[in-house]
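Each chain is listed here by its residues.
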Amino acid sequence: MSPGSSINVSLKINGRDHEVSAPGCDTLLDVLRDKLGMTGTKKGCDMGACGACTVLADGRRIKSCLALAASYDGRSITTIEGIGTLDNLHRLQAAFIRHDALQCGYCTPGQILSGLALLDEKPGDLAAIREGMSGNLCRCGAHPNIVAAIAEVAGL
Amino acid sequence: MKSSSFQYSRAADVSDAFIQGSRSGAAYVAGGTDLLQLWKAGAMAPEGVVDISRLPGPPPARASGRSPTTKEASIRPRSARTAATSSPGRPTGRFVSGMP
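These remarks concern the structure in this document. (Residues numbered from 1 in each chain as written. Chains lettered and ligands numbered in written order. Predicted model: local features only at pLDDT ≥ 70, side-chain atom pairs only at ≥ 80, totals over all residues. Heavy atoms only, no water.)

Brief notes about the overall build of chain B
Next, step 1: A count of helices and strands for chain B gives three helices and three strands.
Next, step 2: Going from the N terminus to the C terminus, chain B shows its helices and strands as β-α-β-α-β-α.
Next, step 3: A burial count over chain B gives 24% of its 100 residues as buried.
Next, step 4: Expressed as a percentage of contacts within chain B between residues at least 6 apart in sequence, the contacts between residues at least 24 apart total 52%. (Helix = DSSP H or I, 4+ residues; strand = E, 2+ residues; numbered from the N terminus. Buried < 20%, exposed > 50% of the residue type's maximum accessible area, 1.4 Å probe, protein only. Contact = heavy atoms within 4.5 Å.)

Dropping the structure here:
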């Protein structure tokens, strides 16, 4: 096999099985967006700093820009396309709207996925939410409202 | 910018990881948060990347399995160094803090 040759990767994304053929150096983010057309997951810095590309792998949040798709062969991935629907938003999405937790919205898919994983981690107070969301940047500066939305769903 | 493409392979077990990792131009990947940044920046250009993320590791120190936060990640090297200097008998390096 020459460098860069494609390999087959099986991914269960939002409960549906997908088979893709991709070069071994392709990131999960690029496979999601460019091979599968699932553009809800955003590419921000592409260097693991901004968190726009956050998805869940077996329920745990990861930055898909620093994940090789091949490493996640056989794993379950959750993206924003699997969270809520237009008619039936997830309650964290509804809380984001109520708390005005976005302006441009580019970071929001990552914020939502990261927030969902954080809720599973049972943050004890607002400081724990701020700390737990510190890997997801919002250049519009909606951080206080993002924290408030997550706190509401967490019952804090 | 990505400097080059590389061949991906997965280590079957620990001895296979040593064999594959000893090849010229090979680099290990586990979480990917270090290697892939350096590769994208052009600072590393491995010809082959050996995935060791599925190998059994030492048991995690933390029971919950949650991701380390940015703050925890940033203080890890210092605490590992402190542990290494203050108690020489303890294991050192990243495994101290429960990284996979």
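Having seen the model, we can carry on.
Quick word on the sheet that holds strand β3 (residues 48–51) of chain B
Residues and elements named next belong to chain B.
Next, step 1: Read across the open sheet, the three strands follow the order β1-β3-β2; overall the sheet is parallel. Of all strands in the sheet, those bounded by a partner on one side alone are β1 (7–10) and β2 (26–29). Strand-to-strand twist of the sheet, defined as the mean angle between neighbouring strand axes without regard to direction, takes the value 30°.
Next, step 2: Summarising the sheet, β2 and β3 pair through four bridges and their orientation is parallel. (Pairing = 2+ DSSP bridges. Axes fitted to C-alpha atoms, helices over the stretch in contact; angles between N-to-C directions.)

With respect to the packing of aromatic side chains
Residues and elements named next belong to chain B.
Next, step 1: For the coordinates displayed, the defined rule picks out one aromatic pair over all chains.
Next, step 2: Geometrically, the ring pair formed by F6 and W39 is edge-to-face, given 4.9 Å between the ring centres and 70° between the ring planes. Of the two residues, F6 is situated in the segment before β1 and W39 in helix α2 (residues 35–40); the sequence distance between them amounts to 33 residues. With respect to class, F6 is no different from W39; both count as buried. (Phe/Tyr/Trp six-rings, centres within 6.5 Å; stacked < 30°, edge-to-face > 60°.)

A short note on the side chain of A:R61
Residues and elements named next belong to chain A.
Next, step 1: Take R61: it is sitting in strand β4 (residues 60–63).
Next, step 2: Owing to a relative accessible area of 12%, R61 belongs among the buried residues under this scheme.
Next, step 3: Among the polar contacts listed, one links the side chain of R61 to the side chain of E121, at a separation of 3.0 Å.
Next, step 4: A distance of 2.7 Å separates a polar atom in the side chain of R61 from the backbone oxygen of G132. (Polar contact = N/O pair within 3.5 Å; in protein donor to acceptor, adjacent residues only side chain to side chain.)

Some thoughts on a nonpolar patch on the surface
Next, step 1: A cluster of nonpolar side chains, contributed by B:V14, B:F18 and B:Y28, occupies part of the molecular surface with about 310 Å² of accessible area.
Next, step 2: Residue position: B:F18 is located in helix α1 (residues 14–21). (Patch = residues over 30% accessible without salt bridge, like charges linked within 9 Å, V, L, I, M, F, W, Y side chains within 5 Å. Areas by Shrake-Rupley, 256 points an atom, 1.4 Å probe, with all protein chains shown as cover. Salt bridge = Lys/Arg side-chain N within 4 Å of Asp/Glu carboxyl O.)

Quick look at the pattern of salt bridges
Residues and elements named next belong to chain A.
Next, step 1: Scanning the model with the defined rule gives eight salt bridges over all chains in all.
Next, step 2: Among the salt bridges present, the one from D58 reaches R75, with a minimum N-O distance of 2.4 Å. Taken together, the positions of D58 in the loop between β3 (54–57) and β4 and R75 in the loop between β4 and β5 (76–78) put the pair 17 residues apart, joining distant regions of the chain.
Next, step 3: What makes D58 partly exposed here is its relative accessible area of 47%.

Thoughts on the sheet that holds β3(A)
All names here are of chain A.
Next, step 1: With mixed pairing, five strands are arranged side by side in an open sheet as β2-β1-β5-β3-β4. Whereas interior strands pair on both sides, the edge strands pair on one side only; in this sheet they are β2 (16–23) and β4. Between one strand axis and the next, the sheet turns through 40° on average, direction left out of account.
Next, step 2: In this sheet, β5 lies alongside strand β1 (residues 6–13) in parallel orientation, the contact comprising two bridges.

Some points on empty space enclosed by the protein
Residue and element names in this part refer to chain A.
Next, step 1: For the coordinates displayed, the defined rule picks out one cavity of 30 Å³ or more.
Next, step 2: When its volume is computed, the largest cavity comes out at roughly 30 Å³.
Next, step 3: Taken together, L29, K42, K43, G44, C45, D46, G48, C50, G51, A52, C53 and C65 make up the full set of residues lining the largest cavity. (1 Å grid on protein atoms, 1.4 Å probe; cavity = no way out; pocket = protein on both sides within 12 Å on 5 of 7 lines; lining within 4 Å. Points joined across faces, edges and corners; volume = space filled by probe spheres on them.)

Considerations on the nonpolar core
Next, step 1: Counting 32 residues, the largest nonpolar core has A:L11, A:L28, A:I62, A:L68, A:Y72, A:I77 and B:F6 as its most contacted members.
Next, step 2: Of all the secondary-structure elements, those providing two or more residues to this core are β1, β2, α1 (28–35) and β3 of chain A together with β2 and α2 of chain B.
Next, step 3: With residues up to four places along the chain from it excluded, the contact list for A:L28 reads A:L11, A:V55, A:I62, A:S64, A:A67, A:L68, A:A69 and A:I77. (Core = buried A, V, L, I, M, F, W, Y, C linked by side-chain atoms within 4.5 Å.)

Focus on the packing of helix α3 (residues 108–120) of chain A against helix α5 (residues 143–154) of chain A
Between two packed helices, the angle of one axis relative to the other and the distance separating the axes together describe the packing.
All names here are of chain A.
Next, step 1: Following both chains from N to C, one finds α3 and α5 inclined at 40°, their axes separated by 11 Å at the closest point. Handedness of the α3/α5 crossing: right-handed. Together, Q111, G115, L118 and L119 of α3 and I146, I150, V153 and A154 of α5 make up the contact between the two elements.
Next, step 2: Split into classes, the residues belonging to the contact of α3 with α5 amount to six nonpolar, two polar and no charged. (Left-handed = near helix turned anticlockwise from the far one by under 90°. Nonpolar A, V, L, I, M, F, W, Y, C, P; charged D, E, K, R; others polar.)

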